[in-house]
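# Notes for the structure review
Now for the letters of each chain:
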Amino acid sequence: MEDSKIIGLFENRSEEALFETEKKYGSYCFACANNILGNEEDAKETVSDTYLSLWNSIPPKKPESLKAFAAKICRNLALNKLRSEKAEKRGGGETNVIFDEISEFVSGKDNPEISFEKKELAKAIDGFLEELQKEKRKIFILRYWYFESIEKIAERTGKTESSIRNSLFRERKKLKKYLSERGFEI
């Protein structure tokens, strides 16, 4: 079923919207949550919470892409769960490694006074990603959005783990320079 029809079901408050969303994007959301949490039960719970959040968000929101909207909600819920339950021990440390890699760009503060700066930072990072070659952008997003391990990314792209690490290192360096040139304090 097309996203627009599923969104229409949400707007009409039809429970079929949940079934269709699960059918179309359930495994995608599960993979996203599981990459972050590293625990299948927590990932399943996060996906269920994602459906509830979608139900409560549509309407009034009407996303252009249900997949992206669901993934963003799922990712945020998984990150919140990770923080609140101190799940890093169950995650094998991969999430902590990823946070360490990008810590100089991402603030852990949840201060409303800096929300404008965060939005501007997000726009700048989007601009940086648009300038990357397709393959490099894919690697960067797999690592820092989907929290995939170096091993999985290497397997997916057919590259060596060493080349993935080197690529990520170079792109982080470029991102730091890119943001500094645009006035962000790093």
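Residues numbered from 1 in each chain as written. Predicted model: local features only at pLDDT ≥ 70, side-chain atom pairs only at ≥ 80, totals over all residues. Heavy atoms only, no water.

## Section: the packing of aromatic side chains
Counted by the stated rule, this structure contains 5 aromatic pairs. A centroid spacing of 6.0 Å and a plane angle of 65 degrees characterise the contact between F128 and F140, whose relative ring orientation is edge-to-face. Separated by 12 residues along the polypeptide, F128 in helix α6 (residues 115-131) and F140 in helix α7 (residues 134-144) bring together distant segments of the chain. The exposure classification of F128 matches that of F140, with both residues buried. Among the aromatic residues, ring-to-ring pairing joins F128, F140, Y144 and Y178 into one connected group. For the cation-ring pair, R13 lies above W55, with the distance from its terminal atom to the ring centre recorded as 4.0 Å. Lying across the ring of W145, R75 places its NZ or CZ 3.9 Å from the centre. (Phe/Tyr/Trp six-rings, centres within 6.5 Å; stacked < 30°, edge-to-face > 60°. Helix = DSSP H or I, 4+ residues; strand = E, 2+ residues; numbered from the N terminus. Buried < 20%, exposed > 50% of the residue type's maximum accessible area, 1.4 Å probe, protein only. Lys NZ or Arg CZ within 6 Å of the ring centre and 35° of its normal.)

## A look at the side chain of R75
Mapping R75 onto the fold places it in helix α4 (residues 66-85). Of the side chains with opposite charge, D126 lies nearest to the buried R75, which makes no salt bridge, at 11 Å. In contact with R75, not counting residues within four places along its chain, are C32, I36, Y144, W145 and F147. (Lys, Arg positive; Asp, Glu negative; His and termini not counted. Salt bridge = Lys/Arg side-chain N within 4 Å of Asp/Glu carboxyl O. Contact = heavy atoms within 4.5 Å.)

## Digging into the pattern of salt bridges
With the rule as written, the count across this model stands at 12 salt bridges. Linking E20 and K23 is a salt bridge whose minimum nitrogen-to-oxygen distance equals 3.8 Å. One end of the pair, E20, and the other, K23, are both in helix α2 (residues 16-37), 3 residues apart, so they sit about a helical turn from each other. The exposure class of K23 is exposed, given its relative accessible area of 59%. Several salt bridges share partner residues, and in doing so they unite K136, E171 and K174 into one network.

## Some details on the packing of helix α1 (residues 3-11) against α2
In contact at an axis separation of 8 Å, α1 and α2 are set at 150 degrees when each is read in the N-to-C sense. Considering the relative orientation of α1 and α2, their crossing is left-handed. Note on element contacts: α2 touches α1 through E16, A17, L18, E20, T21, K24 and Y25, opposite D3, I6, L9 and F10. The class makeup of the residues in the contact of α1 with α2 is 6 nonpolar, 1 polar and 4 charged. (Axes fitted to C-alpha atoms, helices over the stretch in contact; angles between N-to-C directions. Left-handed = near helix turned anticlockwise from the far one by under 90°. Nonpolar A, V, L, I, M, F, W, Y, C, P; charged D, E, K, R; others polar.)

Function cannot be read off these values alone, since they describe shape.
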